[in-house]
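# Analysis of the macromolecular model
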Amino acid sequence: MTQMHRVRRGAAAGLGVATALALTACGGNLGGGESADAESFPDGPITILVGFDPGGSTDLIGRAVADGLSDELGVPVSVENRPGANGAVAAQQFLSAEPDGQTLMVINGSLAYITPMAVSEDEVVDINDFEVITGLSLDDYVLVTSPSTGFTSLEDVANADRTVTYGTAGVGTGSQLSSELLFNQLDVEATAVPFDGGSPTLTAVLGGQVDVGSIQLGEAIEQIESGELVPLVTFAEERPEYLPDTPTAIEAGYDVPVQQSRALVAPEGTPEEIVDQLQEATQAVFETEQYQQFNENNLLTPNEIDGEELQQRWTENLESYRSLVDEYGIDLGGAQ
């Protein structure tokens with residue numbers, strides 16, 4: 001049956017991505033000028049780029065990995081935040097980093113398998129342009145609302161006798177994709193309100209600026225547990241153990257399987273010996289009680305797979321999500 005699509009969004013929603021990427025076109029070299037030497041690696045402090053502001057999930061993951069790697073490699077490992085365009089600003093700058101293992105990056109899966117559907121072809125970030133050290137973790141999205149809306153289920157949202165506003169974490173994000181897929185299938189009058197990240201989206205839902213918002217579970221769980229937010233559905237394929245009483249969108253009859261994932265990457269061309277050293281070090285970090293407790297505290301599901309498997313999964317995700325976007329006639333931001 002053909003679905004009616006009545007979701008509206010601002011015409012300028014995708015401009016932030018293009019503008020931010022244009023500003024990085026002349027980004028400088030991030031690493032040193034010497035050729036990589038596997039025998040002397042690590043040669044001084046290591047920097048991990050994070051394409052988001054401090055305090056968000058990706059930043060916290062980057063810092064947990066940095067702390068562990070510092071212990072394992074015996075050198076300072078620091079996080080450098082370069083926020084913008086769902087991580088694309090940092091990724092574009094990272095492409096010019098020296099392939100010596102001294103500059104790494106935590107990259108979000110959504111940048112590789114969702115953002116490409118929201119930007120022009122020359123702005124696409126391809127995971128195959130990096131040396132993937134390891135996968136890190138999975139993070140589930142949950143659709144939340146304030147108790148003041150009176151919504152307690154998706155049925156309430158579908159039966160609202162008014163236009164529903166929904167906040168997203170920005171163009172090309174899993175937050176946007178999950179919301180667009182859901183509201184197109186719900187077939188209700190709805191207006192997207194994009195923010196720059198999960199934190200402002202959360203604030204907007206709490207403050208009643210929007211009716212609902214798709215937010216990463218780790219960022220919303222505190223307010224859910226305190227009763228400040230009501231979880232309506234999650235976008236995981238199965239109910240997360242942290243929200244056993246909240247149905248998935250799939251259970252509710254909607255084809256919306258969207259998860260966030262992250263990986264640690266090195267610049268393309270990094271010697272295999274250095275990549276191997278970094279893989280061994282991160283595997284050792286994963287086995288520590290401190291890192292495992294970090295994942296548990298932040299409701300993260302370990303996804304510590306090797307680079308080849310991660311690249312395959314992210315490529316398959318892009319194909320799957322593109323098929324869903326085409327099926328429901330969704331425009332994530334005006335990709336040309």
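Refer to the preceding data block for the structure.
What counts as what
Residues numbered from 1 in each chain as written. Predicted model: local features only at pLDDT ≥ 70, side-chain atom pairs only at ≥ 80, totals over all residues. Heavy atoms only, no water. Buried < 20%, exposed > 50% of the residue type's maximum accessible area, 1.4 Å probe, protein only. Helix = DSSP H or I, 4+ residues; strand = E, 2+ residues; numbered from the N terminus. Pairing = 2+ DSSP bridges. Right-handed = clockwise from strand over helix to strand, strands pointing away. Patch = residues over 30% accessible without salt bridge, like charges linked within 9 Å, V, L, I, M, F, W, Y side chains within 5 Å. Areas by Shrake-Rupley, 256 points an atom, 1.4 Å probe, with all protein chains shown as cover. Salt bridge = Lys/Arg side-chain N within 4 Å of Asp/Glu carboxyl O. Lys, Arg positive; Asp, Glu negative; His and termini not counted. Charge placed at Lys NZ, Arg CZ, Asp CG, Glu CD. Contact = heavy atoms within 4.5 Å. Axes fitted to C-alpha atoms, helices over the stretch in contact; angles between N-to-C directions. Parallel < 35°, antiparallel > 145°, perpendicular 65-115°, else oblique. Left-handed = near helix turned anticlockwise from the far one by under 90°. Nonpolar A, V, L, I, M, F, W, Y, C, P; charged D, E, K, R; others polar. Phe/Tyr/Trp six-rings, centres within 6.5 Å; stacked < 30°, edge-to-face > 60°.

Among the five residues in strand β2 (residues 46–50), four count as buried, and that is most of the element. Alignment of β2 against strand β3 (residues 77–81), held across five bridges, turns out to be parallel. Counterpart to V50 in the pairing with β3 is N81. As for the winding sense of the linkage, the β-α-β connection from β2 through helix α2 (residues 57–73) to β3 is right-handed. Summarising the sheet, β2 and strand β4 (residues 103–108) pair through four bridges and their orientation is parallel.

Attention now goes to a negative patch on the surface. Among the surface-exposed residues, D67, D71, E72 and E287 lie close enough to one another that they form a single negatively charged patch. Residue placement: E287 occurs in the loop between α9 (272–286) and α10 (289–297).

With respect to the secondary-structure elements, V65 resides in helix α2. In this structure V65 comes out as buried when scored by relative accessible area, which is 2%. Leaving out residues up to four positions away in the same chain, V65 has contacts with I48, L136, L264 and Y291.

Turning to the environment of V325, a few remarks are in order. If you trace the backbone, V325 turns up in helix α11 (residues 307–327). Accessibility expressed as a relative area gives 6% for V325, which makes it buried. Separated by 148 residues in the primary sequence, V325 and L177 place their C-alpha atoms 8.4 Å from one another. Not counting the four nearest positions on each side in its chain, V325 is found in contact with M117, L177, I330 and L332.

Turning our eyes to something else, we now look at the packing of helix α7 (residues 198–206) against helix α8 (residues 217–226). When two helices pack together, their arrangement is given by the angle between their axes and by how far apart the axes lie. At their nearest, the axes of α7 and α8 sit 10 Å apart, and the two run at 25° to each other. Judged on the interaxial angle alone, α8 and α7 are roughly parallel. In this structure, α7 crosses over α8, and the sense of that crossing is right-handed. In this structure, α7 contributes G198, L202 and L206 to the contact, and α8 contributes E219, A220 and Q223. Within the contact of α7 with α8, the residues separate by chemical class into three nonpolar, two polar and one charged.

As a further point, take the packing of aromatic side chains. What the rule picks out here adds up to six aromatic pairs. Measuring from ring centre to ring centre gives 5.7 Å for Y113 and Y321, while their planes differ by 55°; the resulting arrangement is tilted. Taken together, the residues Y113 in helix α4 (residues 109–113) and Y321 in helix α11 connect sequence positions 208 residues apart. On the basis of relative accessibility, which here comes to 5%, the residue Y321 falls in the buried class. Here the aromatic rings of Y291 and F294 are separated by 5.9 Å at their centres, their planes lie at 35°, and the arrangement is tilted. Taken together, the residues span about one helical turn, with Y291 and F294 both in helix α10 at a distance of three residues. For the pair shown, Y291 and F294 are each scored as buried.

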